[in-house]
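# Per-entry structural report
Residue strings, one per chain:
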There are 4 protein chains.
Amino acid sequence: MKEPSHRFVLTVHCPDRVGIVAAVAGFHASKGCSILRADHHSDFETGRFFMRQEIDAATHREELQAMREAFAPIAERFNMAWRLSDVSHRKRVAILVSKHDHCLNDLLYRWRSGDMAFDPVAVISNHEDARSFVTWHGLPFHHVPMATEQKDEAFHAIDDLLTSVRAEVVVLARFMQILPPWMCDKYPGRILNIHHSFLPSFVGARPYHQAHERGVKFVGATCHYVTSDLDEGPIIEQDAMRTNHAHTVRELIRCGRDVETSVLSRGLRYHLEDRVLIQGRKTVVFA
Amino acid sequence: MKEPSHRFVLTVHCPDRVGIVAAVAGFHASKGCSILRADHHSDFETGRFFMRQEIDAATHREELQAMREAFAPIAERFNMAWRLSDVSHRKRVAILVSKHDHCLNDLLYRWRSGDMAFDPVAVISNHEDARSFVTWHGLPFHHVPMATEQKDEAFHAIDDLLTSVRAEVVVLARFMQILPPWMCDKYPGRILNIHHSFLPSFVGARPYHQAHERGVKFVGATCHYVTSDLDEGPIIEQDAMRTNHAHTVRELIRCGRDVETSVLSRGLRYHLEDRVLIQGRKTVVFA
Amino acid sequence: MKEPSHRFVLTVHCPDRVGIVAAVAGFHASKGCSILRADHHSDFETGRFFMRQEIDAATHREELQAMREAFAPIAERFNMAWRLSDVSHRKRVAILVSKHDHCLNDLLYRWRSGDMAFDPVAVISNHEDARSFVTWHGLPFHHVPMATEQKDEAFHAIDDLLTSVRAEVVVLARFMQILPPWMCDKYPGRILNIHHSFLPSFVGARPYHQAHERGVKFVGATCHYVTSDLDEGPIIEQDAMRTNHAHTVRELIRCGRDVETSVLSRGLRYHLEDRVLIQGRKTVVFA
Amino acid sequence: MKEPSHRFVLTVHCPDRVGIVAAVAGFHASKGCSILRADHHSDFETGRFFMRQEIDAATHREELQAMREAFAPIAERFNMAWRLSDVSHRKRVAILVSKHDHCLNDLLYRWRSGDMAFDPVAVISNHEDARSFVTWHGLPFHHVPMATEQKDEAFHAIDDLLTSVRAEVVVLARFMQILPPWMCDKYPGRILNIHHSFLPSFVGARPYHQAHERGVKFVGATCHYVTSDLDEGPIIEQDAMRTNHAHTVRELIRCGRDVETSVLSRGLRYHLEDRVLIQGRKTVVFA
């Protein structure tokens with residue numbers, strides 16, 4: 001038995017009731033299709049059921065679009081929010097960055113080495129610094145200045161860019177500007193941010209300075225979906241690293257870059273692989 | 001929706017083929033039963049399928065024994081190795097210990113505080129040291145001396161004890177005697193050991209001395225099923241902790257106790273909750 | 001060369017200036033004494049110098065008290081806050097506990113197994129639950145009820161107990177009562193608390209409920225010195241453990257006990273070994 | 001008090017005896033010099049003393065070379081192996097790489113972003129793949145083919161390159177060729193390798209395949225000095241990451257790249273900052 005080279009992923013959430021898995025698994029079986037991996041979670045507080053299935057596309061008797069049509073009646077019966085996608089589809093990702101480029105460097109490396117599968121359709125920055133590096137990759141770089149009095153125009157320019165490149169995912173890879181609420185609302189569950197603290201510790205500005213001031217023994221980072229409620233969006237992934245009295249703020253900032261980088265790449269990977277389902281202000285992550 | 005207070009757990013492994021999940025989930029649905037949580041894994045190398053399901057016993061129309069009988073034909077159809085158990089059943093656990101009692105202390109605390117659900121049916125030791133502590137818990141303590149020339153009799157005495165208390169699980173909680181092959185073979189997948197190294201590093205005796213000699217920067221521990229192949233049984237759980245040049249062997253041993261303790265308790269918990277399925281010399285752990 | 005069996009520890013902090021180490025090391029050398037291990041830290045923000053030295057008592061030509069007297073002029077010259085102690089001196093520790101006894105269980109195990117060196121001079125609780133366990137150890141257990149209208153009397157009764165047993169350290173091992181300011185002020189840098197969150201996240205009551213509500217991916221614990229500023233005392237040690245969407249509040253509480261236990265034991269160990277120096281609301285920990 | 005911008009680092013190891021610290025600290029004091037940070041370690045097995053001091057160059061009355069000359073008599077008196085260097089000196093580093101370029105990418109990013117301070121004087125590879133990336137940085141790239149029958153010539157060509165660029169440190173950043181003993185011996189304590197396993201587990205070839213076969217629950221990486229004893233050189237740094245049954249060998253390899261990358265960068269950082277002292281086949285790391 002070989003590792004299947006072609007997979008579909010089905011994610012579902014819906015009100016919990018008897019028969020959901022039977023219906024879905026019965027559907028797959030009726031199409032001759034193997035389930036390679038599945039995770040199910042019943043949330044007792046909200047009464048909702050969450051499911052992610054990887055299935056062997058090679059054994060499925062129908063193409064993706066036909067399969068979607070065939071599955072729709074089941075989804076309707078159980079009132080499902082669902083998504084059926086082809087793992088080989090590479091999501092179109094726009095990356096927004098300011099001056100700190102450690103996450104950008106990491107994500108582009110993961111892309112070009114094949115470590116992560118996505119299409120970087122645009123890198124957008126309010127600074128010119130990253131242009132040469134992005135261009136070396138053969139990728140389009142867009143400079144959108146963010147003068148204080150012209151932020152609204154700038155965000156509309158960014159939004160136009162996102163539309164023109166048909167971005168499916170927007171990654172704020174240390175983009176040091178606060179997105180306006182209309183923009184957060186336009187891309188629900190599609191904008192990922194990396195916050196340089198272990199939320200909910202140290203919300204707001206200069207978290208490493210706050211951490212140093214408080215004398216904590218760990219600093220961390222948080223990857224979350226962006227909502228109009230600053231630093232309050234659903235958390236996808238976090239991690240922390242040990243620090244001590246000998247670290248100055250400058251050293252905390254330096255060390256923190258490593259944890260920011262790894263947390264954002266993990267959070268984005270989960271998103272790209274359809275492992276994250278949002279429920280209210282929280283997430284279900286089938287890691 | 002409340003957290004169900006009564007659950008069954010079904011574990012299955014069998015040759016992979018289309019329709020397994022559909023058949024099992026269909027069975028549950030036909031009994032009116034909700035799936036609370038499920039994990040599925042298809043192993044590409046062996047072509048086997050592994051599954052664990054927690055189901056809501058309160059919604060199931062049949063009692064455990066009747067359910068087993070009803071499920072048997074499905075199991076037979078797919079050639080399943082399977083186990084259906086009631087989560088409220090507390091497995092009968094015998095703990096074997098020598099002089100180092102840190103794991104024993106931890107396990108009995110977890111038992112008496114309700115942190116872990118099992119019945120400690122016997123504590124057996126080749127030393128008297130733990131008697132008072134075990135007895136304070138109101139638990140039976142058995143001293144079985146292990147004189148070099150009488151090991152065979154001793155192991156038969158232990159085996160008789162295990163039989164008389166109807167032990168379902170045997171935990172070697174730093175039991176510093178090598179079980180004879182006939183005993184390993186008698187309880188396949190039911191004897192858990194904690195090895196005081198990060199296997200396969202430092203097999204054999206005095207692993208902390210070996211670690212110190214080699215100058216490694218981490219020491220660890222490994223919880224594994226015991227087989228007649230010493231230190232080679234299927235690994236259930238591992239962990240490691242950072243060490244440095246300032247640690248003497250004595251300090252490595254002291255620090256190591258903490259990681260041994262936590263690794264054994266996690267490994268045993270997985271076993272008690274039917275999260276571990278053995279495949280050859282490896283495990284599938286639905287943690 | 002053998003590991004020295006008898007050590008002194010000297011801790012110092014003072015305004016930084018040239019010649020501190022030369023004076024101190026010169027003092028040791030003049031007494032024929034070997035430095036086994038030393039850590040020095042210069043804090044640039046406060047301009048203070050911190051030092052901890054372990055020295056070989058066997059090579060020192062003077063006894064502890066005479067040595068203190070001989071060192072005093074140096075301490076005065078550099079305006080040092082200092083402490084010179086014999087490692088073999090076991091600090092007198094009082095443990096306060098309410099109903100949750102996981103930290104108590106751990107600390108008493110570490111004491112009776114020799115893992116940690118201290119004298120548990122009293123266990124004090126506002127509940128009777130732990131009496132039998134404490135008594136089994138041959139240790140004194142004191143029940144001090146905490147009726148709402150009699151808290152002030154209760155805290156004075158506890159303070160009297162601490163005085164009568166000459167406690168040098170007070171450990172709040174999940175003691176669920178807020179100490180009055182006069183009591184915090186009476187034992188500065190001598191009362192350690194374990195807070196069941198990764199401070200400054202989730203201050204106040206029910207941190208695991210807050211963590212579950214927020215959907216964080218880690219929960220943690222914090223060991224800190226108690227001051228009259230609730231949850232704001234200098235942090236000694238922290239740690240965190242991964243959680244996920246499947247954990248209910250009850251499971252977070254259960255998992256969290258393990259991290260609380262290990263963080264408190266590490267924090268207390270650092271304190272007992274004179275590894276912690278307080279500077280304002282932060283600590284220097286020479287781990 | 002400001003963070004000093006100019007520092008010297010002194011590392012020392014020598015037979016332990018009374019008066020070493022007094023002599024060294026006295027020397028600094030006599031030059032008007034502040035000790036910013038110091039670590040001392042006495043090794044009981046070998047009877048050797050290890051020390052690292054960061055001192056404030058701005059307060060020192062002499063330049064580096066004069067200071068070395070002034071310190072030499074003290075070093076001689078105590079039979080010290082020692083090194084006194086200026087932190088602002090950037091060590092000259094040659095990086096050897098084969099096809100896997102994740103460590104190369106990371107190290108060059110840390111260099112160009114200022115995260116790590118060194119001079120990358122050459123990148124040498126037995127493949128052409130990395131040329132464009134290295135050249136974009138404005139760094140010299142050297143292709144040295146490694147045909148089986150011409151390995152000896154190839155290694156001499158590499159050695160000539162190292163000589164011509166005056167490399168002080170050689171980093172094998174996933175260089176998949178075994179260095180000949182004469183080359184290992186020529187650069188003692190100056191060649192760092194990243195091994196893709198948690199040594200001493202899985203020595204030799206294809207460690208991730210071995211790890212998968214054994215069913216371990218963690219995979220790791222080891223940064224060590226290269227000696228002519230393959231995979232047996234002194235370990236500088238290690239780390240490990242959790243894996244599980246669902247990871248194929250391919251996924252282990254992918255995940256493992258992250259831990260290889262971080263372990264090599266930490267190990268190299270320790271080396272560059274003169275934090276590593278070698279004692280036999282082990283290291284003292286003042287991290």
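Residues numbered from 1 in each chain as written. Chains lettered and ligands numbered in written order. Predicted model: local features only at pLDDT ≥ 70, side-chain atom pairs only at ≥ 80, totals over all residues. Heavy atoms only, no water.

Further remarks concern the interface of chain C and chain A. Residue-level contacts link 34 residues of chain C with 34 residues of chain A. Together, the buried faces of chain C and chain A total about 3,000 Å²; carbon and sulfur atoms form 52% of this surface. The largest share of the area that chain C buries against chain A comes from Arg214(C), Lys217(C) and His245(C), three residues that together contribute 26% of it. Linking chain C to chain A there are 4 salt bridges. Linking Glu232(C) and Arg214(A) is a salt bridge whose minimum nitrogen-to-oxygen distance equals 3.7 Å. At the level of elements, helix 7 (207-214), strand 11 (235-242) and strand 13 (282-285) of chain C are the ones that each hand at least two residues to the side of chain C that touches chain A. With 6 residues, the top contributor of residues to the side of chain C that touches chain A is strand 11 of chain C. Here the residues of the side of chain C that touches chain A are counted per class, giving 13 nonpolar, 9 polar and 12 charged. (Contact = heavy atoms within 4.5 Å. Buried area = accessible area lost by both parts, 1.4 Å probe. Salt bridge = Lys/Arg side-chain N within 4 Å of Asp/Glu carboxyl O. Helix = DSSP H or I, 4+ residues; strand = E, 2+ residues; numbered from the N terminus. Nonpolar A, V, L, I, M, F, W, Y, C, P; charged D, E, K, R; others polar.)

Here we come to the relation of the copies chain D and chain A. Under the fitted operation, chain D is carried onto chain A by 0.0 Å of movement along the axis and a turn of 180°, and the coordinates agree to an RMSD of 0.0 Å. Accordingly, the operation relating the two chain copies is best matched by a two-fold axis. Interface residue correspondence from chain D to chain A reaches 100%, placing this contact among same-surface, isologous pairings. (Least-squares fit on C-alpha atoms with pLDDT ≥ 70 in both.)

What follows is about the pairing of strand 8 (residues 169-172) of chain C. Residue and element names in this part refer to chain C. Neither face of strand 8 is left uncovered, since the one carrying Val169 and Val171 and the one carrying Val170 and Leu172 both have all their residues buried. With 4 bridges joining them, strand 5 (residues 92-97) and strand 8 adopt parallel strand pairing. Looking at the pairing, Leu96 lines up with Leu172 of strand 8. Sheet topology places strand 8 next to strand 9 (residues 191-195); 3 bridges connect them, and they run parallel. Within strand 9, the position partnered with Leu172 by the bridge is Asn193. (Buried < 20%, exposed > 50% of the residue type's maximum accessible area, 1.4 Å probe, protein only. Pairing = 2+ DSSP bridges.)

This part covers the interface of chain D and chain A. Contacts between the two partners involve 19 residues from chain D, matched on the other side by 19 residues from chain A. Taken together, the two surfaces of chain D and chain A that pack against each other cover about 1,800 Å², and 38% of this comes from carbon and sulfur. The interface formed by chain D and chain A holds 6 salt bridges in total. Across the salt bridge formed by Arg257(A) and Asp115(D), the nearest N and O atoms sit 3.1 Å from each other. Linking chain D with chain A are 14 residue pairs in polar contact (both at pLDDT 80 or more), by the criterion used here. (Polar contact = N/O pair within 3.5 Å; in protein donor to acceptor, adjacent residues only side chain to side chain.)

Scanning the model with the defined rule gives 100 salt bridges over all chains in all. Asp106(D) serves as the salt-bridge partner of Arg110(D), at 2.9 Å between the closest nitrogen and oxygen. Taken together, the residues span about one helical turn, with Arg110(D) and Asp106(D) both in helix 3 (residues 102-112) at a distance of 4 residues. For the pair shown, Arg110(D) and Asp106(D) are each scored as buried. One network of salt bridges, with partners in common, ties together Glu3(A), Arg7(A), Arg52(A), Glu54(A), Glu273(A), Arg275(A) and Arg250(D).

Nothing here speaks to function; it is all geometry.
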